[in-house]
Amino acid sequence: MKKTYITILLVLGILLFVNLVSEQYFFRIDLTEDKQYTLSEATEDIMKSLENPITVKAYFSENLPPDIAKTRSNFEEYLIEYARNSDDNLVFTFINPNENEETEREAIEAGINPVMINVREKDQMKQQQAFLGAVLELEEQKEVIPFMQPGAPLEYLLSSSIKKIAVSDKLEVGFMEGYGQATISELSQVKTALDVLYDFKSTKVNDSMPVPENIKTLAIVRPTDTINETSLNQLDKFLENGGNLFVALNRVNGDLNNTYGSALTTGVEKWLKEKGLEVREDFVVDAQCATVSVQQQQGFFNFTSNVSFPYIPIVSQFADHPITKGLEAVVMQFPSSLKFTAKDSLSTFTPLAFSSKNSATMQAPQFFDIQKQWTEKDFNAPNQVIAGVLEQKHANGNRSRICVIADGDFPINNGQQQIQSGNANLMVNAIDWLSDDTGLIDLRNKGIRYRPIDTLEEGTKTTLKYLNFLLPILLVIIYGIVRMQMNRNKRSRRIEENYE
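Starting afresh in each chain, residues are numbered from 1 along the sequence in its written order. Reporting of local features is limited, given that this is a predicted model, to residues whose pLDDT is at least 70; pairs of side-chain atoms are given and counted only at 80 or more, and all residues count toward the totals for whole chains, interfaces and linings. To obtain the side-chain values, all non-hydrogen atoms of the structure were used and water was disregarded.

Turning our attention to the side chain of N206. Looking at where N206 falls in the secondary structure, it is placed in the loop between β8 (198-203) and β9 (215-221). Contacts described as polar in this section are N or O atom pairs within 3.5 Å, which, within protein, must combine one atom able to donate a hydrogen with one able to accept it, while residues neighboring in sequence count only if both atoms come from side chains. Of note is the side chain of N206, whose polar atom sits 2.8 Å from the backbone nitrogen of M209. By definition, any uninterrupted DSSP run of H or I lasting at least four residues is a helix, any uninterrupted run of E lasting at least two residues is a strand, and each is numbered from the N terminus.

See below:
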């Protein structure tokens, strides 16, 4: 009996010791595909740099469906990790706004947007108001995450919000205006995303005004007028000083009203060609494309129908690069193809986005036959390069990068109409990669990946179904056979021992 008590005391002592040690030396193994629960080096650097404590109030409703409730548990796990890496400079609390009217009013006044979700209760579907947001406070600074979409990149949302209120001076990103280019107000989605970490502002560049020294990245989007040589020389000086450029350029112009497309010259294409990168005077057409509305007449009736239009490709083939990480699709409008010819060993080119295997190019000018019945023979030039990065090493030792997209319209909002999220993310990722030296770009698309079985092929679904059904049975049978064999061996040894 005494021996039993000693054993119990030893076990309790070991458990107590392990518990105390685990408080000081915490670790866990992250087996997710892209390390969802492992904080990046960028986040760790941000947390270690905090000088004053940050308070996080997380407003999350309770009793939510499992797929939505998982967002709360994921966010809480992130906060625990952040607190561990902040040297006690992050304090958080969770509040249920649905508990009473006072907390609900507090959440709404703080800027948390309630959403309506479908909840199944007693075999009936009903709508419920839910809150999934947070407020971060640092002294007088305040940042609101109004809503966390399930599957969103939580680490990026949290780290960028902390950086936004912890860093007083934002890095400036210039947006070159003039020469018929898009205005900054036409890029509302892009600007909203960039304003988190950067001061995205209009910049004039001409023969008497060079690019300001405090700007590391300059964006040029959809110029329509000729940019004179003196202004282009200013861009050369900017690059020689280690600056970076983002260029979204239309080499051709498509007019659907007149069903005609022609070449467009701005001087930028010649300037790029001198560096070895040619934006060709052609249209990339692709069987994987968007549709346009067409008025048709049948008898006395007019009606509108949607027709596939290969001049507006849906690009879904991307290189493995930080700029394209996490992108699923980008809708291009009358893009052109890119061709790189190395001038010397100081320049390199990395393709980023390609047309599909069923694509081709058509030389400008072109008349658009919207009713044309396209066949496989029309798409005889697959995998055309539509976007890429030109990197240069200059004589003074500085390095520069130019990200070129052969479509100037892809990031532009037409009025109140929203563009595809992939379109905005492509430009935002590019600006991030050109400007950011913290590594936060890698977190932008680090979200939870959902892989519903409905998207799988029938053969794969059948295999998984039978594997799911038969594997447990097979494991039980194997376990039974092993146990039976072990018992048989045990009986054989006992018989031998008795016989002897």
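What counts as a ring pair is set by centres within 6.5 Å for rings of Phe, Tyr and Trp (its six-membered ring), and what kind of pair is set by the plane angle: stacked under 30 degrees, edge-to-face over 60, tilted for all other angles. Taken as a whole and assessed by the stated rule, the structure comprises 18 aromatic pairs. Measuring from ring centre to ring centre gives 6.5 Å for F75 and F94, while their planes differ by 75°; the resulting arrangement is edge-to-face. Of this pair, F75 sits in helix α3 (residues 66-84) while F94 is found in strand β2 (residues 90-95), placing the two residues 19 residues apart along the sequence. For every residue, the accessible area obtained with a 1.4 Å probe (protein chains only) is divided by the maximum for its type, and the residue is called buried under 20%, exposed over 50%, and partly exposed between those limits. For F75, a relative accessible area of 1% puts it in the buried group. An aromatic cluster is built from F283, F309, Y311, F334, F368, W374 and F379, whose rings are joined through pairwise contacts. Charge-over-ring contacts are defined here by two conditions on Lys NZ or Arg CZ: a distance within 6 Å of the ring centre and an angle within 35 degrees of the ring normal. Over the aromatic face of W374 sits the side chain of K372, whose NZ or CZ is 4.1 Å from the ring centroid.

Taken as a whole, helix α4 (residues 101-110) has its buried residues at T103, A107 and A110. Here the buried residues of α4 occupy an arc of 70° about the axis, which is enough to place them on one side. Away from its buried face by more than 90 degrees, α4 exposes E101, E102 and E109. A contact between two residues is defined here by any heavy atoms of the two lying within 4.5 Å. Against β1 (54-60), β2, β5 (132-138) and β6 (141-145) lie the buried residues of α4. N-cap assignment for α4: the residue whose side-chain oxygen lies 3.1 Å from the backbone N of E102 is N100. Positive phi shows up at G111, right after α4, with a value of about 105°. Note: the arc covers the axis-to-C-beta directions of the helix.

Let us now look at the packing of α3 against helix α5 (residues 154-166). Orientation is described by lines fitted to C-alpha atoms, with helices fitted over the stretch in contact, and by angles between N-to-C directions that extend from 0 to 180 degrees. Taken N-terminus to C-terminus, the directions of α3 and α5 make an angle of 50°; their axes are 10 Å apart at the nearest point. Between α3 and α5, the crossing angle belongs to the class labelled oblique. As α3 packs across α5, the resulting crossing turns out to be right-handed. Contacts between α3 and α5 pair T71, N74, F75, Y78, L79 and Y82 from the former with L154, E155, L158, S159 and I162 from the latter. Classes in brief: Ala, Val, Leu, Ile, Met, Phe, Trp, Tyr, Cys and Pro nonpolar; Asp, Glu, Lys and Arg charged; the others, Gly included, polar. Each residue belonging to the contact of α3 with α5 can be placed in one class, and the counts come to seven nonpolar, three polar and one charged. These descriptions rest on fixed angle ranges, namely under 35 degrees for roughly parallel, over 145 for roughly antiparallel, 65 to 115 for roughly perpendicular, and the rest for oblique. When the near helix sits turned anticlockwise from the far one by under a right angle, the crossing is termed left-handed; a clockwise turn instead gives a right-handed crossing.

What follows deals with the sheet that holds strand β20 (residues 347-354). Any two strands with at least two DSSP-identified bridges between them are counted as paired. Strand order across the open sheet formed by eight strands is β8-β7-β9-β10-β24-β23-β20-β17, with mixed pairing between neighbours. The sheet is open, and its two borders are formed by β8 and β17 (317-318), each paired with just one other strand. Strand direction decides the pairing type here: β17 and β20, joined by two bridges, are antiparallel. Along β20, the bridge assignment pairs F318 with A353. Here helix α7 (residues 229-240) sits on the sheet and contacts β7 (171-176), β9, β10 (244-248), β23 (385-393) and β24 (399-405); the angle it forms with β9, its principal contact strand, is near 140°.

That's the geometry; what it means functionally is another story.
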